[in-house]
Amino acid sequence: MVKADKTRYKLTDEELIAMFQDGDEGAFEELVNRYADRLLNFAYRFVFDKQEAEDIVQDTFLRVYINRHAYREIAKFSTWIYTITANLAKTSLRKRKYRKVMHLSHMGPNEDKDFEIKDEGEFNLLEKDLRVDEDVVQRALDRLPEHFKTILILRDIQELSYEEISKILDIPIGTVKSRINRARLRLQKEISKVLKGKK
Amino acid sequence: MISCYQFKELISEYLDGEISYSRRKLFEEHLESCANCRRLFNSVKISIQSLHRLPRVHVSENFYLNLRNRIVEERDRIVKRARSRRLTFAGVPSLAYGLLLAVVAVSVFFVVMKIQGKKTGGYELPPYVKQQIIGSGSEKSLKNASFDRRVAQPGRPVNENSFTPDNRFLQIDTSDLYLKEADKSFDRETRPIKHIK
């Protein structure tokens, strides 16, 4: 049972969701305050559109509100809410990719030249550019397969532990480790390609 | 000493501080000795730092107000849906509908059976009787040659009065015949038919 004398900001996420399940709407507000920015950054790096990212986060909180009783304290609240956001972000991205494919299919034969970048000297170029600007990193992120992108955002932007990532993605820790490594290797390759394409 | 492939596999574990002490020593030895792997290592390191340096975004001023409005809308929608379900019995599970349908179907079946049972309530002539009638050329009357159900009751003797006026020209020696509901198979030898001229 949650102690009544504790102020809300001192409570854990799990205590807050328990209070919310008992009908305390203030506990829900506290959870929104805690997670709004964190989830926004996660969704934003996924879709790279602030308005779309905000919609995803609002959808996430709406689902938490409606399905509050679906949460059981066998997992951390953060794991649960990140899982919801990740699923919504993936769905949003897929819809957008579909729209993009439809758009490209209407282009003429010479209009997609900018999308071709040759692959040579994977990391020499990157070594010289010690500071890579946001646009390049985001473009490189967007070029990654979805499962690499998700795990990199969770690990290197959200800075979650291997264990939390394992629970959110529902994969073993060993897979988390190897996937993070492969994703990082791939990211540096994609950054080099994007940089080369710019010059 | 580890190979370049093994080195590549351990880069993230090393950068995240998740590598064991013994492996770490081997990793660092390889890092010192292999220029190619060193370049790769630095490149990955820069990529991760770039991700860490990405600017953070914050929710807009309207975010909380919009969220509140959406929650209120959703709550109203749920309440309306619950009310309409109460009125239209939409909340009744489909299993209940299925059971109700099954009960109705079974009832209809029994009612139909009962009606049909009244229509065909008369007892049919035993098959060997019909065969003998066909053999004697009295096929015309076969269609109507059925016992009167009022007479041919189980346990009651059947005699010539048991026939309807249409087939009165037939007379069957059935003085010792007792119809038993459970046993409708008749012995041809012991139930001879006599034709009256």
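About the cut-offs
- Residues numbered from 1 in each chain as written.
- Chains lettered and ligands numbered in written order.
- Predicted model: local features only at pLDDT ≥ 70, side-chain atom pairs only at ≥ 80, totals over all residues.
- Helix = DSSP H or I, 4+ residues; strand = E, 2+ residues; numbered from the N terminus.
- Buried ≥ 20, exposed ≤ 12 C-beta atoms within 10 Å, placed from the backbone.
- Contact = placed C-beta atoms within 7 Å.
- Axes fitted to C-alpha atoms, helices over the stretch in contact; angles between N-to-C directions.
- Parallel < 35°, antiparallel > 145°, perpendicular 65-115°, else oblique.
- Nonpolar A, V, L, I, M, F, W, Y, C, P; charged D, E, K, R; others polar.
- Expected span 1.5 Å × (residues − 1).
- pLDDT = per-residue confidence, 0-100.

Visitor: Which residues make up the overall build of chain A, and what are the values?
Guide: A count of helical and extended segments in chain A gives nine helices and zero strands. A buried classification covers 35% of the 199 residues belonging to chain A. Partitioning the contacts of chain A with sequence separation of at least 6, the portion at a separation of at least 24 is 64%.

Visitor: Got a sec to walk through the overall build of chain B? Specific residues and values, please.
Guide: Within chain B, the regular secondary structure consists of six helices and two strands. In chain B, the succession of helices and strands from N to C terminus is α-α-α-α-α-α-β-β. Across the 197 residues that make up chain B, the buried fraction comes to 13%. The contacts in chain B between residues at least 6 apart in sequence include a share of 44% that link residues at least 24 apart.

Visitor: Quick one: what's the story with the packing of helix H9 (residues 173-198) of chain A against helix H3 (residues 35-53) of chain B, residue by residue and with numbers?
Guide: Where H9(A) meets H3(B), the axes come as close as 9 Å, and the angle between the chain directions of the two elements is 85 degrees. The pairing of H9(A) with H3(B) is recorded here as roughly perpendicular in orientation. Of H3(B), the residues touching H9(A) (which contributes Arg184(A), Leu185(A), Leu187(A), Gln188(A) and Ile191(A)) are Ser43(B), Val44(B), Ser47(B) and Ile48(B). Class assignment for the residues of the contact of H9(A) with H3(B) results in five nonpolar, three polar and one charged.

Visitor: A description of helix H7 (residues 146-157) of chain A should follow, citing residues and the corresponding values.
Guide: Residue and element names in this part refer to chain A. Taking 1.5 Å as the rise per residue, H7 with 12 residues should run 16 Å; its terminal C-alpha atoms sit 15 Å apart, in good agreement. Among the 12 residues that make up H7, nine are buried, leaving the element largely enclosed by the rest of the structure. Along H7, the residues classified as buried are Phe148, Lys149, Thr150, Ile151, Leu152, Ile153, Leu154, Arg155 and Asp156. A positive backbone phi angle near 55 degrees is found at Glu159, which sits one or two residues after H7.

Visitor: Kindly report on the interface of chain A and chain B, identifying the contributing residues and their values.
Guide: Contacts between the two partners involve 32 residues from chain A, matched on the other side by 30 residues from chain B. Counting only elements with at least two residues in the side of chain A that touches chain B, the list comes to helix H2 (25-47), helix H3 (50-66), helix H5 (124-128), helix H6 (134-142), H7 and H9 of chain A. It is H9(A) that contributes the most residues to the side of chain A that touches chain B, eight residues altogether. Taken together, the residues of the side of chain A that touches chain B sort by class into 19 nonpolar, five polar and eight charged.

Visitor: Let's hear about unusual backbone geometry: which residues, and what values?
Guide: Residues and elements named next belong to chain A. Even without being glycine, Phe48 reaches a positive phi, approximately 50 degrees. Positionally, Phe48 belongs in the loop between H2 and H3. Unlike most non-glycine residues, Glu159 shows phi in positive territory, near 55 degrees. Along the chain, Glu159 turns up in the loop between H7 and helix H8 (162-169). Exposure remark for Glu159: the 10 C-beta atoms within 10 Å place this residue in the exposed category.

Visitor: Tell me what's going on with the confidence of the model for chain A, and back it up with residues and numbers.
Guide: Residue and element names in this part refer to chain A. For chain A, per-residue confidence averages 83 on the pLDDT scale, and 80% of positions sit at 70 or higher. The spread of mean pLDDT over the elements of chain A runs between H5, the lowest at 56, and H3, the highest at 95. With pLDDT under 50 throughout, residues 1-5 is counted as low confidence; its partners more than four residues away or in other chains account for four contacts. Note on residues 107-121: pLDDT under 50 across the span, and six contacts to partners over four residues away in sequence or across chains.

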